[in-house]
Amino acid sequence: MALMAAVKALALFSGGLDSSLAARVVMAQGVEVEAVQFVTPFCNDLLLADPQAHAERIRRKYGITVILEDISPGYLRLLHAPRHGFGKNFNPCIDCKILMLSRAKEMLAERGASFLVTGEVLGQRPMSQRRDTLNVIERDSGTRSLLLRPLCAQLLKETEAERQGWVDRAKLLRFSGRGRSQQLALAAQFGITDFPAPAGGCTLADPILSRRIAMFYSADSPVPVGEISVTDIRLLLLGRHFRLPGGGWIILGRDQRENEAIVKLVAEDDILFDMEDWPGPTAVLRRGASCYPEEEARQAALHHAGALLLRYGRPMPQGFAVPPVTWRHGGRSGLFVPSAAAEEVLRGWALL
C-alpha cells in the first residue's frame, strides 16, 4: 500500500520495551515518529534535570526521538478524586492514561502530527489493558479515531491512520496476553537489546510509598489537600517525616543524597536545619514561618526540630558536648543547643 508523504505521529513513550517497539513498528512504515514521555512527581521526575542527555540516551538505545512533557500540576489535581478509582495501591492507572492521552491530543497540532501511538497490548495488564478499559480510555480522552496501538492493532477496530493509508494495517501486529516472547523477538529484529525489565516505574504503585502518598491526600495530611504542590510531593518521597506539636511538617534526610536533595527543595517559607559540627540529617520545616507566626510557638518548634536532629544524628560518646543546631530562614540564621526528647514522644510525632 502506498503511503502518503510527510505524515507524522506522536507516540507515548514510557521508557519500556513495548512503547519503544510500537514507535519502531510505525517508523518502519515510513512515518515520522516523535515520542513524548510524560513527567509527574511520581514517574520520570529526575529526567527533568537534563532532558537533552535523556533524549540522546533514548536515541542511542532505541533510535527514537523523545521529548519530555511535565503534567505534574494536573496530575496532582487528578489524585483528589480519579473518576475511575485506584488500583491495588494509590495508582489511578485508567485516569492517568486518559490524562496523558488528552494532553497528547492537544500536542498533535503543536508538534505537527496527525495521529497518536501507544504501546499497549490487549490483555497484558489486568486493570488498564482490557478491551473494555481500552475503549473507556479512548472515549474519555477523545482519541477514539486518533489512537493507533500497533502491537495489537489487528485485534482492534480500524483507526484513522489505517483508513487514510498512513500505515498499512497488514503490517501491524496482533499481540495479546501477558507473555513477552513476541516482544522479545521483535526487539531482536529491530536490534534493541538494552531495555528495562517489565515492571512498573510509578511510585504510586509502590506498596510502601503509596501509603505515604495516600495519607497526604487524606484528612490526616499535614498540608491542606488543596494546597499540595509538586515540591511537597518531592519532599514526601524523601527521608523521615514528622508532624510537630502545633502542626508543623518536618522532613529529615536519611543520608547525604537526601540531605542535598532537601537543600535544593527549600522554599521561601521553609526553615532549614543542620548540625554543622556533627554528622547528621539536614531537615526542613515545611512552611515553617507561616505555620508558626507567633515567636513563642516558633521557638518551641525549633527546639522540637533540634530534638529530632539529635536523635537521628550520629550517636555521641558519653560525656560529649551536645552540638548546636543551625537554623536558616529568609537570609537569617541562628544557633541553639537542642535537648533530647523521650523516644516515645518522637515516635508520637512520626508520620507514615
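Computed from a prediction, not measured in an experiment: that's the story for all the values here. (Residues numbered from 1 in each chain as written. Predicted model: local features only at pLDDT ≥ 70, side-chain atom pairs only at ≥ 80, totals over all residues. Heavy atoms only, no water.)

(A) Spotlight on the overall build of the protein. On a plain count of helices and strands, the protein comes out with 13 helices and 11 strands. If you line up the protein on its principal axes, its C-alpha atoms span 85 × 35 × 35 Å. For the protein, long-range pairs separated by at least 24 residues make up 64% of all intrachain contacts whose partners lie at least 6 apart in sequence. A total of about 16700 Å² of accessible surface is found on the protein, and carbon and sulfur atoms cover 52% of it. In the protein, the 42 positive side-chain charges and the 38 negative ones have mean positions that sit 7 Å from each other. (Helix = DSSP H or I, 4+ residues; strand = E, 2+ residues; numbered from the N terminus. Contact = heavy atoms within 4.5 Å. Areas by Shrake-Rupley, 256 points an atom, 1.4 Å probe, with all protein chains shown as cover. Lys, Arg positive; Asp, Glu negative; His and termini not counted. Charge placed at Lys NZ, Arg CZ, Asp CG, Glu CD.)

(B) Quick peek at the sheet that holds strand 4 (residues 115-117). With parallel pairing, the five strands of this open sheet are ordered in space as 3-2-1-4-5. Across the chains shown, the open sheet's two edge strands, defined by having one partner strand only, are strand 3 (65-70) and strand 5 (147-148). Where strand 2 (residues 32-39) meets strand 3, six bridges bridge the pair, whose relative direction is parallel. Bridged to Val39 within strand 3 is Asp70. Against the sheet, helix 1 (residues 17-27) makes contact with strand 1 (8-12), strand 2, strand 4 and strand 5, and its axis sits at roughly 135° relative to strand 4, the strand it touches most. (Pairing = 2+ DSSP bridges. Axes fitted to C-alpha atoms, helices over the stretch in contact; angles between N-to-C directions.)

(C) Representation of helix 8 (residues 209-216) in the model. Along helix 8, the positions that sit buried rather than exposed are Ser210, Arg212, Ile213, Met215 and Phe216. Taken together, the buried residues of helix 8 touch helix 9 (230-236), strand 6 (240-243) and strand 7 (249-252). (Buried < 20%, exposed > 50% of the residue type's maximum accessible area, 1.4 Å probe, protein only.)

(D) Highlighting the pairing of strand 7. The side-chain alternation of strand 7 yields two buried faces, one formed by Trp249 and Ile251 and the other by Ile250 and Leu252. Bridge analysis of strand 6 against strand 7 gives four bridges, and the strand direction is antiparallel. Within strand 7, the residue paired with Phe242 across the bridge is Ile250. Hairpin connection, strand 6 to strand 7: the antiparallel pair is bridged by five residues, and Gly246 has positive phi, about 95°. Sheet topology note: the strand 7/strand 9 (residues 283-286) ladder contains four bridges and is antiparallel. Opposite Trp249, over in strand 9, you have Arg286 as the bridge partner.

(E) Region of interest: the layout of surface pockets. Considering only enclosed or pocket space, the second largest pocket measures out at about 590 Å³ in volume. Lining the second largest pocket are 18 residues; nearest its centre among them are Asp45, Leu46, Arg234, Leu238 and Arg257. Taken together, the residues that form the lining of the second largest pocket break down as 10 nonpolar, three polar and five charged. (1 Å grid on protein atoms, 1.4 Å probe; cavity = no way out; pocket = protein on both sides within 12 Å on 5 of 7 lines; lining within 4 Å. Points joined across faces, edges and corners; volume = space filled by probe spheres on them. Nonpolar A, V, L, I, M, F, W, Y, C, P; charged D, E, K, R; others polar.)

(F) Here's a closer look at the environment of Tyr292. Among the secondary structure elements, Tyr292 is positioned in the loop between helix 11 (288-291) and helix 12 (295-312). Filtering out sequence-adjacent residues up to four positions away, Tyr292 remains in contact with Leu244, Pro245, Gly246, Gly247, Gly248, Leu285, Ala297, Arg298 and Ala301. A polar side-chain atom of Tyr292 sits 2.7 Å from the main-chain carbonyl oxygen of Pro245. (Polar contact = N/O pair within 3.5 Å; in protein donor to acceptor, adjacent residues only side chain to side chain.)

(G) Geometry of the packing of aromatic side chains. Overall, the coordinates contain eight aromatic pairs when judged by the stated rule. With 5.9 Å between their ring centres and 65° between their planes, Phe13 and Tyr62 make a pair best called edge-to-face. With a gap of 49 residues between them, Phe13 in the loop between strand 1 and helix 1 and Tyr62 in helix 2 (residues 51-62) connect regions that are remote in the sequence. Residue Phe13 shares its accessibility class with Tyr62, and that shared class is buried. Arranged with centres 5.8 Å apart and planes meeting at 15°, the rings of Phe115 and Trp166 form a pair that is stacked. Separated by 51 residues along the polypeptide, Phe115 in strand 4 and Trp166 in the loop between helix 6 (160-163) and helix 7 (181-190) bring together distant segments of the chain. The exposure class of Trp166 is buried, given its relative accessible area of 13%. (Phe/Tyr/Trp six-rings, centres within 6.5 Å; stacked < 30°, edge-to-face > 60°.)

(H) Broad picture of the side chain of Asp45. With respect to the helices and strands, Asp45 occurs in the loop between strand 2 and helix 2. Overall, Asp45 belongs to the buried group, its relative accessible area being 16%. Discounting residues that sit within four places of it in the chain, Asp45 has contacts with Val39, Thr40 and Arg234.

(I) Highlighting the pairing of strand 8 (residues 271-274). Alternating residues of strand 8 divide into Ile271 and Phe273 and Leu272 and Asp274, and every residue in both groups is buried. Both strand 8 and strand 9 contribute to a ladder of three bridges, which runs antiparallel. Looking at the pairing, Ile271 lines up with Leu285 of strand 9. The sheet contact formed by strand 8 and strand 10 (residues 325-329) spans three bridges and is antiparallel.

(J) Highlighting the side chain of Thr159. Examined against the element boundaries, Thr159 turns out to sit in the loop between strand 5 and helix 6. By relative accessible area, Thr159 is classed as buried at 7%. A polar contact of 2.7 Å, which involves the side chain of Thr159, links it to the side chain of Glu162. Not counting the four nearest positions on each side in its chain, Thr159 is found in contact with Ser145, Leu147 and Leu148.

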